[in-house]
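Spelled out from the first residue to the last, the chains are:
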Amino acid sequence: MSWAPAELDLSRPNAARMYDYFLGGSHNFAADRQAADAVLAVAPHVADAARANRAFLRRAVRYALQQGIRQFIDLGSGIPTVGNVHDIAHCVNADARVLYVDVEPVAVAHARALLGVAPQVDVIQADICFPDFILDNPATQRLIDLARPVAVLFVSVLHFIPGDVNAIVEPFRAAASPGSALVISHATSGATTNQTEEVQRLYQRTPTPLQLRPRADVQALFGDFAMVTPQPGAASPSDGAALVPVSHWRPDPEDHVPADGSSASPFLTSFLAGVGMKGPAVMTEQPRPEPTGRCALRPAGRH
Ligand SMILES: C[S@@+](CC[C@H](N)C(=O)[O-])C[C@H]1O[C@@H](n2cnc3c(N)ncnc32)[C@H](O)[C@@H]1O
């Protein structure tokens, strides 16, 4: 396993590698698969939720591209899978710049191997609890021009971090120029059941236990950014309506619709997503870029 850094503790399950397993990836170890299977035994819809989240990320990146954004900071980017941010962005503009940030060594090693020497893409291993380290990092400064709009992505990462996560998001909101986008998905405490409690208990065995937050706390992370309507063409969302289950945020007609009633599962209904734009003006929406060839990405798959 050339992609596995030598210093890894293989005996302890890790949320990044469990997520890779849920998505059908192969960068995980026995302890990860065991823990992920235990989660799936209690809550089979967690895999649907992971796929739906990945599809949200793809649509949110495309939305940002439609707004003319050409720079992306993907925080808690995970182990590369199908439809990474740079894959999507480069379908629209080969010069788009993408900075990946993750704390997990396998995610970072695999991203580095995949990216090679692509000059518009970089990866740093960092804990997002230290936003200034990321903003001041030479890789960030080389790649990202904060005087121009940037999309900052916190997709399925903040619910692994305890405490005041606004202290993490706020410096990025402040550093971003007008026209920038903030993309967040977050598991919330809206529908607590025995199942969700059991899943939380299983994640206690990982270095990053789940931190479910109320919807209002997730909404507050957008600060004064203007929320994008989850349905195109709808009026500005009223308070509380801008965050929707990940699979409801501007779904594509071809998006996987969860079967077997899993759309009613708390793992989907409480996994909320939203996109906010920093004022003053949101650019006019441009026609959706049509994916072709290798850009005709499926939301998730074995890699
Ligand atoms: C569920 S994965 C999400 C991956 C990707 N953002 C997506 O939504 O498909 C969560 C990722 O967040 C990373 N992560 C968790 N805590 C982190 C931290 N404090 N700093 C940086 N990355 C973190 C994990 O290593 C993992 O790769």
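Residues numbered from 1 in each chain as written. Predicted model: local features only at pLDDT ≥ 70, side-chain atom pairs only at ≥ 80, totals over all residues. Heavy atoms only, no water.

**Some points on the packing of aromatic side chains**
In step 1: The full count for this structure, using the stated rule, is four aromatic pairs.
In step 2: Aromatic pair F56 and W249: ring centres 5.6 Å apart, planes at 85°, arrangement edge-to-face. Placement of the pair is F56 in helix α3 (residues 45–66) and W249 in the loop between β7 (244–245) and α11 (266–269), with a sequence separation of 193 residues. Each member of the pair, F56 as well as W249, carries the same accessibility label: buried.
In step 3: For the ring pair F160 and Y203, a centre distance of 6.1 Å and an interplane angle of 45° mean the geometry is tilted. Within this pair, whereas F160 is found in the loop between β4 (151–155) and α8 (166–175), its partner Y203 is found in helix α9 (residues 194–203), the two being separated by 43 residues in sequence. Accessibility classification places F160 together with Y203 in one group, the buried group.
In step 4: Three or more aromatic residues link up through ring pairs in this structure, and these residues are F56, Y63 and W249.
In step 5: Positioned over the ring face of W249 is R250, at 5.6 Å from the centre of the ring. (Phe/Tyr/Trp six-rings, centres within 6.5 Å; stacked < 30°, edge-to-face > 60°. Helix = DSSP H or I, 4+ residues; strand = E, 2+ residues; numbered from the N terminus. Buried < 20%, exposed > 50% of the residue type's maximum accessible area, 1.4 Å probe, protein only. Lys NZ or Arg CZ within 6 Å of the ring centre and 35° of its normal.)

**What about the pairing of strand β5 (residues 181–187)?**
In step 1: Buried residues dominate β5, accounting for seven of its seven residues.
In step 2: By the alternation rule, side chains of β5 split into A181, V183, S185 and A187 and L182, I184 and H186, which are all buried.
In step 3: Where β4 and β5 come together, five bridges link them in parallel fashion. Each residue of the ladder has a partner; that of V152, found in β5, is L182. (Pairing = 2+ DSSP bridges.)

**Some thoughts on the confidence of the model for the chain**
In step 1: Mean pLDDT over the chain works out to 86, with 85% of the residues at or above the 70 mark.
In step 2: Below pLDDT 50 for its whole length, residues 296–303 participates in 28 contacts with residues either more than four positions away or in separate chains. (pLDDT = per-residue confidence, 0-100. Contact = heavy atoms within 4.5 Å.)

**With respect to the site of the ligand**
In step 1: Surrounding the ligand, one finds 18 residues, the nearest of these being Y19, R54, G76, D102 and D127.
In step 2: In this structure, an oxygen atom belonging to the ligand sits 2.9 Å away from a side-chain N or O atom of N53.
In step 3: Residue D127 places a side-chain N or O atom 2.8 Å away from a nitrogen atom belonging to the ligand.
In step 4: Within the complex, the protein chains bury 96% of what would otherwise be the 600 Å² of accessible surface of the ligand.
In step 5: Elements with a minimum of two residues in the shell around the ligand: α1 (15–22) and α3.
In step 6: In terms of residue class, the shell around the ligand is built from nine nonpolar, five polar and four charged. (Near = heavy atom within 4 Å. Polar contact = N/O pair within 3.5 Å; in protein donor to acceptor, adjacent residues only side chain to side chain. Areas by Shrake-Rupley, 256 points an atom, 1.4 Å probe, with all protein chains shown as cover. Nonpolar A, V, L, I, M, F, W, Y, C, P; charged D, E, K, R; others polar.)

**Quick word on unusual backbone geometry**
In step 1: Of note, the phi angle at S156 is positive, near 55°, even though the residue is not glycine.
In step 2: Tracing the chain through its elements places S156 in the loop between β4 and α8.
In step 3: With relative accessibility at 13%, the residue S156 sits in the buried group.
In step 4: A positive phi angle is found at R250, which is not glycine, with a value near 45°.
In step 5: If you trace the backbone, R250 turns up in the loop between β7 and α11.
In step 6: Accessibility expressed as a relative area gives 8% for R250, which makes it buried.

**Regarding the packing of helix α2 (residues 30–42) against α9**
In step 1: The contact between α2 and α9 brings their axes to 9 Å, and the two run at 175°. In terms of orientation, α2 and α9 fall into the roughly antiparallel class. Within the contact between the two elements, α2 uses A38, V39 and V42 and α9 uses Q195, E198, V199, L202 and Y203.
In step 2: Classifying every residue of the contact of α2 with α9 by side-chain character gives six nonpolar, one polar and one charged. (Axes fitted to C-alpha atoms, helices over the stretch in contact; angles between N-to-C directions. Parallel < 35°, antiparallel > 145°, perpendicular 65-115°, else oblique.)

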